[in-house]
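Structure at a glance
As a plain string of letters, each chain reads:
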Amino acid sequence: MSRLFQPLTLRGLTLPNRIAVSPMCQYQAKDGVANDWHLVHLGGLAQGGAGLVMTEATAVVPEGRISPDDLGLWNEAQAEALARIVHFIASQGAVPGIQLAHAGRKASNPAPWKGSGSLSLAAGGWTPTAPSALPFDEGWTVPTALDEPGILAIIEAFMDAARRAVAAGFRVIEVHAAHGYLLHQFLSPLSNQRTDAYGGSFENRTRLVREVVGALRNILPEELPLFTRISATDWAEGGWTLDQSVALAKELKDLGVDLVDCSSGGLVPRAEIPLGPGYQVPFAARIRAEAGLPTGAVGLITDAEQAEQILAQDSADLILLGRELLRDPRWPLRAAKTLGADVAWPVSYLRARR
Ligand code: FNR
């Protein structure tokens, strides 16, 4: 029997298969509120058979958005718009998940097709906040270093957003601690040069991630799983490493994290990343083996047999697909055919199933 189409149970929740939609920013929201674009995009992916449909990085505060066009979850109007989408995803038999995020020093950018680098104040941008006043790259806005009340307010904002997410019907919450955004900025010595309790030692740099995750675990219903996405390495000299990721994953496990979603990079510009099929799978495999908790594999996984093999080799428990699902939103239905597995088709499409 195909591993990819076996259910995955985490706490009290069962995903119908091991295929997850990797979070992908759409840059289509207004004031952080989801609209018809998000319904059709995420709803179509649910129709396509993915077991877990995860939203894009959804900001917990306005200044934590990557761009002014990102989803947010700091008010009730945003929660209400998402609830409609959640309802549709669940009606298709998929599990709705949300990635909660704060972009830190990488906030206040335009959508990729509108330009790159920081948006000026005149163009609707804002001054980002970060662990230290270090810009992401030359020409980017220098962020304001967060003080302790500012850090505590961010933990509260993650908690408020998570409460709203659960009330809206999301069943999986993922904390975004990867790709050079705020929580990752705290982890990496390249972006965190603080001298207080949130900087310096491994324990101090991981403090905020641990506090956010611990706070969320406390307020989430016992039966709902909590994921954390990390960048397993910065791919940069002096940066965050795989060894540190393993050590962090052990702590996350103790704090009640149910799955570590293993990505990489994003902290520094122009990192040399050896891209290739499944290039991040070894991170998921090592973290799974050494930290002893379920992992998600992501990155250049495009083929059903490739996905099947990752699971069969016990390298990961969940396969997250990004761009391949943009190319082919019904990839899971095709993959089931390739692997000879049974997957529920939308009843209205059954005449197309050979
Ligand atoms: C992404 N990615 C991403 N990652 C994340 O954690 N939160 C996000 O909001 C986004 N946004 C986003 C938008 C778009 C358009 C793309 C293509 C990617 C990264 C994504 O989730 C995934 O990790 C990578 O794309 C690698 O996987 P694939 O695309 O090779 O399957």
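Worth saying up front: this structure is predicted, and the values here are computed from it rather than measured.

Quick word on the packing of aromatic side chains
Under the criterion given, the structure shown has 5 aromatic pairs. Between the aromatic rings of Tyr27 and Trp113, the centroid separation amounts to 5.7 Å while the plane-to-plane angle is 85°, which identifies the pairing as edge-to-face. With Tyr27 in the loop between β3 (19-21) and α1 (36-47) and Trp113 in the loop between β5 (95-101) and β6 (129-130), this residue pair connects regions lying 86 residues apart in the sequence. Among the residues examined, Tyr27 registers a relative accessible area of 16% and is labelled buried. The class of Trp113 is exposed, set by a relative accessible area of 57%. Judged by centre distance (5.6 Å) and plane angle (55°), the ring pair of Trp235 and Phe283 falls under tilted. A residue pair is termed long-range when its members are at least 10 positions apart, and Trp235 in the loop between β9 (226-231) and α7 (242-254) and Phe283 in helix α8 (residues 281-291) qualify at 48 residues. Given a relative accessible area of 23%, Trp235 falls into the partly exposed group. The aromatic ring of Phe136 is capped on one face by Lys106, whose charged end is 4.8 Å from the ring centroid.

Re the sheet that holds β9
What the 8 strands build is a closed barrel, ordered β3-β4-β5-β8-β9-β10-β11-β12; its pairing is parallel. With direction set aside, neighbouring strand axes in the sheet form an average angle of 25°. Sheet analysis places β3 next to strand β4 (residues 52-59), joined by 2 bridges and oriented parallel. Residue pairing across strands places Val21 opposite Val53, the latter belonging to β4.

Some words on the UniProt feature "domain: NADH:flavin oxidoreductase/NADH oxidase N-terminal" (unreviewed entry) in the protein
Under the local residue numbering, the UniProt record ascribes the feature "domain: NADH:flavin oxidoreductase/NADH oxidase N-terminal" (unreviewed entry) to residues 4-339. Counted over residues 4-339, helix gives 35% and strand 16%. Its end C-alpha atoms are 9 Å apart.

Topic: the site of the ligand
The full set close to the ligand counts 16 residues, and Ser22, Pro23, Gln99, Leu300 and Arg323 are the nearest of them. His176 has a polar side-chain atom sitting 3.2 Å from an oxygen atom of the ligand. Residue His179 places a side-chain N or O atom 3.5 Å away from a nitrogen atom belonging to the ligand. Burial of the ligand by the protein chains amounts to 81% of its free accessible area of 610 Å². Class assignment of the residues belonging to the shell around the ligand gives a composition of 7 nonpolar, 6 polar and 3 charged.

Things to note about the environment of Ile230
Here Ile230 shows up in strand β9. Residues Ile230 and His179, 51 residues apart in the sequence, show an inter-C-alpha distance of 7.5 Å. Setting aside residues up to four positions removed in sequence, Ile230 forms contacts with Ala177, Ala178, Ser245, Leu248, Val260, Asp261, Cys262, Ser263, Ser264 and Ile287.

A closer look at the packing of α7 against α8
α8 packs onto α7 with a crossing angle of 50° between their chain directions and a minimal axis gap of 9 Å. Judged by the inter-axis angle, α7 sits oblique to α8. Crossing hand, α7 versus α8: right-handed. The segment α7 lies against α8, with Leu242, Asp243, Ser245, Val246, Ala249, Lys250 and Lys253 engaging Phe283, Arg286, Ile287, Glu290 and Ala291. Of the residues belonging to the contact of α7 with α8, the class tally is 6 nonpolar, 1 polar and 5 charged.

What counts as what
Residues numbered from 1 in each chain as written. Predicted model: local features only at pLDDT ≥ 70, side-chain atom pairs only at ≥ 80, totals over all residues. Heavy atoms only, no water. Phe/Tyr/Trp six-rings, centres within 6.5 Å; stacked < 30°, edge-to-face > 60°. Helix = DSSP H or I, 4+ residues; strand = E, 2+ residues; numbered from the N terminus. Buried < 20%, exposed > 50% of the residue type's maximum accessible area, 1.4 Å probe, protein only. Lys NZ or Arg CZ within 6 Å of the ring centre and 35° of its normal. Pairing = 2+ DSSP bridges. Axes fitted to C-alpha atoms, helices over the stretch in contact; angles between N-to-C directions. UniProt positions renumbered as here; feature names shortened; annotations may be inferred. Near = heavy atom within 4 Å. Polar contact = N/O pair within 3.5 Å; in protein donor to acceptor, adjacent residues only side chain to side chain. Areas by Shrake-Rupley, 256 points an atom, 1.4 Å probe, with all protein chains shown as cover. Nonpolar A, V, L, I, M, F, W, Y, C, P; charged D, E, K, R; others polar. Contact = heavy atoms within 4.5 Å. Parallel < 35°, antiparallel > 145°, perpendicular 65-115°, else oblique. Left-handed = near helix turned anticlockwise from the far one by under 90°.

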